[in-house]
Amino acid sequence: MSLRVYLAVVVAVLHLSPVTLTRAGDRTEGTPSPSYVAAVYEHQVILNPEPHVPLSRAAALEHMMRNLKVYEEQAARAAEQGAQIIVFPEDGIHGFNFSRLSISGYLETIPDPLTEDWNPCTQPDRHNNTEVLQSLSCMARRHQLYLVANMPDLQPCPLTSHPTCPPDGHWQFNTDVVFRSDGSLVARYHKQNLFFEKEFDTPPRLEVVTFDTPFAGQFGVFTCFDILFHDPTVRLLEKGIRQMIFPTAWMNLLPLLTAVQIQRAVSLGANVTLLAANLRHDSKAMTGSGIFTPSTSIYHHAFHHPGKLEEGKLLVLRIPVLDSDWLATQKQAKRQGETGGKGEAKGQGETGGKGEAKGQIGEEGEAKGQGETGGEGEVEPLSASLPTLSPNPSPSPSHFISSMMCDPFSFVLLHGSEGQLTVCDGPLCCHLQYRRSPQGGNTELYALGAFAGNHTADGHFAIQVCALVRCSGSEVSSCGKGVEEAESRVDFRLEGKFGTRYVYPSLLGSGMVVDRPDRIEKTTDGRVTMEHSGMSVGLVTACLYGRVYDQD
C-alpha cells in the first residue's frame with residue numbers, strides 16, 4: 001500500500017460594477033514547504049445568443065475564439081504572477097443551453113492521452129478539426145504552465161454493438177482537458193453526473209482521471225455536479241488523491257449550496273485542496289470560485305447590480321503540496337543530496353490583480369482577510385457541558401416543518417441570547433448549543449433544522465443535514481428560504497449523529513463570507529461536531545451536510 005493510499009484512509013475519516021467579494025481566508029500556523037502557485041479564473045462567458053440554432057464549424061470557431069482570447073490574457077497574467085497551474089471553468093469556451101444537434105459545430109474529437117502521446121501545438125496536423133485543442137495547447141506551452149479547460153468532445157461508437165451508442169453513431173461528452181507546460185495533452189475526463197445537459201451523453205463507463213505534475217505530484221479531476229456524488233469524487237479520495245481540479249458552472253443555491261460554500265465544505269470535509277473555477281453569469285446566479293486547502297483559502301463571489309458590467313476574476317495563491325508520495329520522494333531526494341529539480345515556483349503567490357483582494361496573500365500561512373476567525377485554538381471554546389445525545393433524544397418543543405432546498409426540514413426556533421436545542425428527523429438528531437449577540441436591536445429569526453432522506457429536486461441523492469440558518473423573515477414559514485445578509489453574531493456548537501462518514505461542514509456569513517470553523521471533530525460512532533466563535537459578520541448558515549451515497 002502506498003503512503004498516499006494509507007494516508008487517504010486516515011484523512012477520509014473526516015468525510016465527514018458589480019460589487020465583488022474577494023477574500024483571503026483562514027490563517028495558518030507556519031509556512032509550508034514545499035509549495036506551488038495555483039490559479040483559477042472565473043470567466044464571464046461570452047454566449048451564443050441562439051444556442052438552439054446549429055452553427056457551421058467556422059461560426060462556432062469564431063464564437064469560441066472570443067472566449068479563448070480572454071483565456072489567453074488571463075493565462076499570461078497568471079504566469080506573470082508565478083502560477084504553475086491554471087484552471088478555467090466548465091462551459092467557459094462554448095457556453096450552454098445547446099441541443100444535441102446545435103452543439104455539433106463546437107465538437108472536437110479529443111484523443112485519449114492514455115493511448116496516444118500528442119502535443120497539439122507542435123503537431124497540429126495529426127488530427128483534423130482540433131483548433132480549440134491547438135489553441136489551449138499553445139497557451140500552456142507559451143506561458144509554461146499546466147492548463148485545465150472544459151470543452152465538448154465527440155467520440156465515435158459502434159452503433160450495432162454497443163448498448164449505449166446513440167442513434168447518430170457517436171457520443172458527445174462534457175469534457176475536461178489538461179495540458180502540460182510543454183503543451184502536450186496529459187489528461188481527458190468525461191463528466192459522469194450531468195445536470196440537465198441534453199446535448200451530452202453519460203460516459204459508457206466511469207472514468208477516474210488523475211495526472212502528475214513535477215511541482216506538486218498528482219491531481220484528480222471532476223466537474224461541477226460530480227462534487228455531490230460518490231463517483232468519481234469519492235473514488236479519487238479512496239485512491240489517496242488530495243489535490244482536486246474542479247471546473248464548474250455552478251448556480252448558487254442558498255442557504256446550503258452556494259458555490260464557495262460547497263467548495264469550502266468539500267475541501268474541509270475531505271481534507272483536500274480544491275482548485276475551483278466557476279463561470280460568471282448573473283442571469284443564472286453563476287459566480288463563486290476559489291483556491292481552497294484544509295488550512296487556507298482565497299475566493300471570490302460577485303454580487304449583481306443591474307446595469308453594471310459583469311467581469312471575470314483571476315485568483316492566484318501559493319499553497320502547500322498535499323501529495324504524500326511526492327513529498328516522500330522529494331524528502332528522500334533531499335537526503336541523498338540532490339538539488340531542487342523541476343517545479344520550483346516561478347513567483348511568490350501574488351493575488352489576482354492589483355488591489356483586488358481584501359487581504360494580503362504571500363506565502364501560505366500569511367493569508368489574512370476580513371471576516372476570518374483564524375486558526376484552531378485561537379478562541380475560547382464553548383462550554384464542554386453539551387449533553388450527550390441519547391439513542392432517542394427528545395426534540396425541543398414547538399418543532400415545525402418548513403421547506404429548505406425543496407426538502408421538508410424539521411425545525412425548532414432559537415429563543416433568547418443563549419440556549420441548547422435538539423431537533424430530529426427520522427434517524428438523524430441535531431443538537432445546538434449557542435450564544436448570540438444581536439446587533440443594533442435587530443429581531444432576526446434563527447432556526448435549527450434537520451433532514452434525513454432523499455433530495456429529489458434538480459437531482460436525486462440521499463442526504464442527512466444539520467443546519468443552523470437565519471430565516472428570511474419574521475414568520476416560521478420563512479425558515480429555510482435563501483438570505484444573503486445577517487447581523488446577529490452567533491457562537492455555536494453544532495452536532496449530529498450521522499449514518500455516513502461523508503459529512504461536509506460549512507460556515508457562511510453575511511455577504512457571502514466563508515469562514516473556517518474553529519473546530520471540527522468526528523467520532524467513530526458517527527457523531528460530527530462543528531464549533532465556532534467570534535464571527536466578524538452575522539451568521540447566515542452553519543451546516544453539516546452529510547451524503548449517504550449508498551442510499552442514492
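In this text, all values refer to a predicted model and were calculated from it rather than measured experimentally.

Participant: A description of the UniProt feature "active site" (unreviewed entry) in the protein should follow, citing residues and the corresponding values.
Facilitator: Under the UniProt annotation, "active site" (unreviewed entry) lies at Glu 90, Lys 191 and Cys 224. Taken together, the annotated residues stretch across 135 residues yet fold into one region, lying no more than 10.2 Å apart by C-alpha. Lining residues of the largest pocket drawn from the annotated set just named are Glu 90, Lys 191 and Cys 224. Along the chain, the position of Glu 90 falls in the loop between β3 (85-87) and α3 (131-143). Of the residues examined, Glu 90 reaches a relative accessible area of 2% and is grouped as buried.

Participant: Describe unusual backbone geometry, listing the residues and the values that go with them.
Facilitator: Here the bond from Asp 231 into Pro 232 is cis, since omega is 5 degrees, no more than 30 degrees from zero. In this chain, Leu 254 is followed by Pro 255 through a cis amide linkage whose omega measures 5 degrees. Assignment of secondary structure puts Pro 255 in the loop between β9 (243-247) and α5 (259-270). The phi dihedral of Asn 97 is positive, around 70 degrees, even though this residue is not glycine. Looking at the element boundaries, Asn 97 is found in the loop between β3 and α3. For Asn 97, a relative accessible area of 36% gives the class partly exposed.

Participant: Give me the nonpolar core: which residues, what numbers.
Facilitator: The nonpolar side chains of soluble globular proteins are, as a tendency, buried together. One finds Trp 250 and Leu 256 to be the most contacted residues of the largest nonpolar core, which totals 44 residues. Contacts of Leu 256, omitting those with residues within four sequence positions, involve Gln 261, Met 404, Met 405, Phe 409, Val 465, Ala 467, Thr 541, Cys 543 and Tyr 545.

Participant: For the packing of aromatic side chains, give the residues involved together with the corresponding values.
Facilitator: Pairs of aromatic rings are described using the distance from one ring centre to the other and the angle between the two planes. A full pass over the atoms with the stated rule returns 21 aromatic pairs. Between Tyr 146 and Phe 215 the ring centres are 5.6 Å apart and the planes differ by 85 degrees, which places this aromatic pair in the edge-to-face class. Here Tyr 146 is found in strand β4 (residues 146-156), whereas its partner Phe 215 is found in the loop between β7 (210-213) and β8 (217-221), with 69 residues between them in sequence. A connected cluster of aromatic rings, assembled from ring pairs, spans Tyr 36, Tyr 146, Phe 211, Phe 215 and Phe 219.

Participant: Can you tell me about helix α4 (residues 230-238), naming the residues and giving the values?
Facilitator: Residues of α4 that are buried: Pro 232, Thr 233, Val 234, Leu 236 and Leu 237. Gly 240, located one to two residues past α4, shows a positive phi value of around 90 degrees.

Participant: Quick one: what's the story with the layout of surface pockets, residue by residue and with numbers?
Facilitator: Taken as a whole, the largest pocket spans an internal volume of roughly 580 Å³. Forming the walls of the largest pocket are 29 residues, and the residues nearest its centre are Phe 195, Phe 196, Ala 249, Met 251 and Met 286. For the lining of the largest pocket, the residue count by class is 18 nonpolar, three polar and eight charged.

Participant: Describe the packing of helix α2 (residues 57-80) against α3, listing the residues and the values that go with them.
Facilitator: Relative orientation of the contacting elements α2 and α3 amounts to 10 degrees, with a least axis distance of 10 Å. Our classification of the angle between α2 and α3 gives roughly parallel. For the pair α2 and α3, the sense of crossing is right-handed. Of α3, the residues touching α2 (which contributes Arg 57, Leu 61, Met 64, Met 65, Leu 68, Tyr 71, Glu 72, Ala 75, Ala 76 and Ala 79) are Glu 131, Val 132, Ser 135, Leu 136, Met 139, Arg 142 and His 143. Tallied by class, the residues present in the contact of α2 with α3 amount to 11 nonpolar, two polar and four charged.

Reading guide: rules and limits
- Residues numbered from 1 in each chain as written.
- Predicted model: local features only at pLDDT ≥ 70, side-chain atom pairs only at ≥ 80, totals over all residues.
- Heavy atoms only, no water.
- UniProt positions renumbered as here; feature names shortened; annotations may be inferred.
- 1 Å grid on protein atoms, 1.4 Å probe; cavity = no way out; pocket = protein on both sides within 12 Å on 5 of 7 lines; lining within 4 Å.
- Helix = DSSP H or I, 4+ residues; strand = E, 2+ residues; numbered from the N terminus.
- Buried < 20%, exposed > 50% of the residue type's maximum accessible area, 1.4 Å probe, protein only.
- Core = buried A, V, L, I, M, F, W, Y, C linked by side-chain atoms within 4.5 Å.
- Contact = heavy atoms within 4.5 Å.
- Phe/Tyr/Trp six-rings, centres within 6.5 Å; stacked < 30°, edge-to-face > 60°.
- Points joined across faces, edges and corners; volume = space filled by probe spheres on them.
- Nonpolar A, V, L, I, M, F, W, Y, C, P; charged D, E, K, R; others polar.
- Axes fitted to C-alpha atoms, helices over the stretch in contact; angles between N-to-C directions.
- Parallel < 35°, antiparallel > 145°, perpendicular 65-115°, else oblique.
- Left-handed = near helix turned anticlockwise from the far one by under 90°.

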